[in-house]
Amino acid sequence: MQVLVTGGTGYIGSHTVVELQQSGFEVVIVDDLSNSSADVVDSIASITGIRPQFEKFDLADGSRTHQFFSDYPDLGAVIHFAACKAVGESVTNPLKYYRNNLFSLINLVRGMTDHQVSNLVFSSSCTVYGNPDQLPVGENAPVKQALSPYGNTKQIAEEIIDDQCKVSSFRAILLRYFNPIGAHESALIGEQPLGVPNNLMPYITQTAMGIRDHLNVFGSDYHTPDGTAIRDYIHVVDLAKAHVTALERMLKGEMKEQREIFNLGTGTGYSVLDVIRSFERVTGMKIPYRIMDRRPGDVEQVWADPKKANEVLGWKAMRTLDEMTLSAWKWEQVVSRKNKA
Ligand code: UDP
């Protein structure tokens, strides 16, 4: 079975390509390389021994996307990651986000429909739940007003897919991720943020590497045991494996509805200080940090109820927080060596 992975040279996409290939799928990657590098294709080939096919173009280009589907008539399914994901940038440049994230989805769904490719796994986010009323967060928790254009593109994308499922034989699984961190055990692929990282894990590893002077901890007056915000961090390899499981469920015809939703998290919340302590424990290093004001738009605490994914998908996140932080550190050392060379 040939599977299109859009955004396949990105962080979660590249880990998913590896898991797909190791499960016997043939992968075609489409990526415009706006936030990743073609070297990732080599790294994937080094890990799996199989070179995925790779096409570089922007899915927001409708005629190019149409052409792609004509060029690859054997595609059986699509996993769609390609999207811009910087929350702050989406606030200052909303049109970029609506254009890139929604035009690309519409072109993709159009291409799939025209070429009778009816299986889609979509990369969504727990941001759709906003500040949840109840913890842990199950799939039936209400979708709240989005706090950023980025978050809104995920909500609108889910609605577009939903609506398309109502009028055709289109099948979709929407995967709502919690906080993916860590890197592949080979340290050949991982997260490569451009410029100053927005996210906690790469900021910690860059601080350990001496690239950043110290870590800013955003808020210590939350209503949590140590006062810092709580998230459900999940190892990116566990997350990648969930995509393969979801795809197999779809292809075996096991879906109960035409459109299914799963929350992907471990079910355990950790505070910012927990993550710092884990990193310090596994590396023996000290992370200098300063307590700052809360970051605008941050939710206080959120973690998943992964029961539906555990029971219905038969998938469970297996890797511990220490495994996540250690793998992130191994990857940072490789990236830093590469950048110096
Ligand atoms: N965070 C922090 N310092 C940083 C980056 C993030 O204290 O430099 C905190 C952030 O306020 C949040 C948690 O770490 O409570 C996770 O943030 P991240 O940006 O990684 O993911 P988010 O949950 O915002 O998607």
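Our subject is the structure that appears above.
Residues numbered from 1 in each chain as written. Predicted model: local features only at pLDDT ≥ 70, side-chain atom pairs only at ≥ 80, totals over all residues. Heavy atoms only, no water.

## Some words on the overall build of the protein
Selection criterion: By the criteria applied, helices consist of DSSP H or I runs no shorter than four residues and strands consist of E runs no shorter than two, each listed in order from the N terminus. With C-alpha atoms as the basis for the radius of gyration, the globule rule is written as 2.2 Å multiplied by the number of residues raised to the power 0.38. Note on classification: 1.4 Å probe, protein chains only; a residue is buried when its accessible area is under 20% of the maximum for its type, exposed when over 50%, partly exposed between these limits. We call two residues in contact when some of their heavy atoms are within 4.5 Å. Computed with the Shrake-Rupley method and a 1.4 Å probe, the accessible areas treat only the protein chains shown as cover for residues. Positive charge is attributed to Lys and Arg, negative charge to Asp and Glu, and no charge count is given to His or to the chain ends. Here the site of a charge means NZ on Lys, CZ on Arg, CG on Asp, or CD on Glu.
Helix and strand counts for the protein come out as eleven helices and 13 strands. Scaling as 2.2 N^0.38, a compact globule of 341 residues should have a C-alpha radius of gyration of about 20 Å, and the protein matches this with 19 Å. Seen through its C-alpha atoms, the protein measures out along the principal axes to roughly 55 × 50 × 40 Å. Out of the 341 residues belonging to the protein, those deemed buried represent 54%. Intrachain contacts of the protein at a sequence separation of at least 6 include 79% that bridge at least 24 residues. On the protein, roughly 15,100 Å² of surface is accessible, and the fraction owed to carbon and sulfur atoms is 49%. Across the protein, 33 positive and 40 negative side-chain charges occur, with their mean positions spaced 2 Å apart.

## A word on the layout of surface pockets
Convention followed: The distinction between a cavity and a pocket rests on a 1 Å grid over the protein atoms alone: a 1.4 Å probe fits inside a cavity but cannot get out, while a pocket stays open yet meets protein on both sides within 12 Å along at least five of seven lines, and a residue with an atom within 4 Å of a point counts as lining. Grid points are joined across faces, edges and corners, and a volume is the space filled by probe spheres set on the points. Residues were grouped as follows: Ala, Val, Leu, Ile, Met, Phe, Trp, Tyr, Cys and Pro as nonpolar; Asp, Glu, Lys and Arg as charged; and all remaining residues, including Gly, as polar.
In this model, the second largest pocket occupies a volume close to 230 Å³. For the lining of the second largest pocket, the elements supplying multiple residues, two or more each, are α1 (11-22), α8 (236-251) and α11 (321-340). Per-class residue counts for the lining of the second largest pocket are four nonpolar, four polar and six charged.

## What to know about the site of the ligand
What counts is decided by this rule: Here, proximity means that at least one heavy atom of the residue falls within 4 Å of the molecule or strand. Whenever a nitrogen or oxygen atom comes within 3.5 Å of another N or O atom, the pair is scored as a polar contact, on the condition that within protein one atom can donate a hydrogen and the other can accept it, and that pairs from neighbouring residues in sequence are kept only if both atoms are in side chains.
Taken together, 15 residues are adjacent to the ligand, and Leu200, Asn216, Arg231, Arg295 and Asp298 come closest. The backbone of Leu200 places a nitrogen or oxygen atom 2.9 Å from an oxygen atom of the ligand. Considered on its own, the ligand offers 520 Å² of accessible surface; in the complex 87% of this is hidden by protein. Looking at the shell around the ligand, the elements with two or more residues in it are α7 (200-208) and β8 (215-218). Classifying every residue of the shell around the ligand gives eight nonpolar, four polar and three charged.

## Concerning the packing of α7 against helix α9 (residues 272-283)
Applicable threshold: Throughout, an axis means a line fitted to C-alpha atoms (over the contacting stretch in the case of helices), and angles, computed between N-to-C directions, take values from 0 to 180 degrees. Reported orientations rely on four angle classes, namely roughly parallel under 35 degrees, roughly antiparallel over 145, roughly perpendicular from 65 to 115, and oblique for the rest. The hand of a helix crossing depends on one turn: near helix anticlockwise from the far one by less than a right angle means left-handed, and clockwise means right-handed.
Orientation of α7 relative to α9, taken along the N-to-C sense of each, is 40°, at an axis distance of 11 Å. When the axis of α7 is compared with that of α9, the two are oblique. Note that α7 runs across α9; the crossing there is right-handed. Each of Leu200, Met201, Ile204, Thr205 and Ala208 in α7 lies in contact with α9, whose residues at this interface are Val272, Val275, Ile276 and Phe279. Among the residues forming the contact of α7 with α9, the class breakdown is eight nonpolar, one polar and no charged.

## Things to note about the side chain of Asp238
Examined against the element boundaries, Asp238 turns out to sit in helix α8. Those residues in contact with Asp238 that sit more than four places away from it in its chain are Trp315, Lys316, Ala317, Met318 and Arg319.

## Brief notes about α11
Definition in use: To estimate the expected span of a helix, subtract one from its residue number and multiply by 1.5 Å.
Look at α11: 29 Å from first C-alpha to last across 20 residues, which is about the 28 Å you get at 1.5 Å a residue. Among the residues of α11, Leu321, Met324, Thr325, Ser327, Ala328, Trp329, Trp331, Glu332, Val334, Val335 and Ser336 are the ones counted as buried.

## Remarks on the sheet that holds strand β3 (residues 53-55)
The cut-off we apply is this: Two strands are counted as paired when DSSP detects at least two bridges linking them.
Spatial ordering of the open sheet is given by β3-β2-β1-β4-β5-β6-β11, a layout of seven strands whose pairing is parallel. The outermost strands of the open sheet, each flanked by one partner alone, are β3 and β11 (259-264). Pairwise comparison of adjacent strand axes, ignoring direction, gives a mean angle of 20° for this sheet. When strand β6 (residues 171-177) meets β11, the two strands line up parallel, connected through six bridges. Considered in β11, the bridge of Leu174 is made with Ile261. Packed on one face of the sheet, α8 meets β1 (2-6), β4 (75-80), β5 (119-125), β6 and β11 and runs near 160° to β6.

## Remarks on the side chain of Gln301
Along the chain, the position of Gln301 falls in the loop between β13 (289-292) and α10 (307-313). A distance of 3.3 Å separates the side chain of Gln301 from the backbone oxygen of His223, its partner in a polar contact. Reaching out from Gln301, the side chain makes a polar contact with the side chain of Glu300 at a distance of 3.4 Å. Setting aside anything within four residues of it in sequence, one finds Gln301 in contact with Pro132, Leu135, His223, Thr224, Ile230 and Arg231.

## Looking at empty space enclosed by the protein
By the definition in use, this model includes one cavity of 30 Å³ or more. Space inside the largest cavity adds up to approximately 70 Å³. Taken together, His80, Phe81, Ala82, Ala83, Asn101, Leu105, Phe122, Ser123, Thr153, Lys154 and Ala157 make up the full set of residues lining the largest cavity. Of all elements in the fold, only α5 (94-114), β5 and α6 (149-167) reach the threshold of two or more residues within the lining of the largest cavity. For the lining of the largest cavity, the leading source of residues is α6, giving three residues. When grouped by side-chain class, the residues that make up the lining of the largest cavity number six nonpolar, four polar and one charged.

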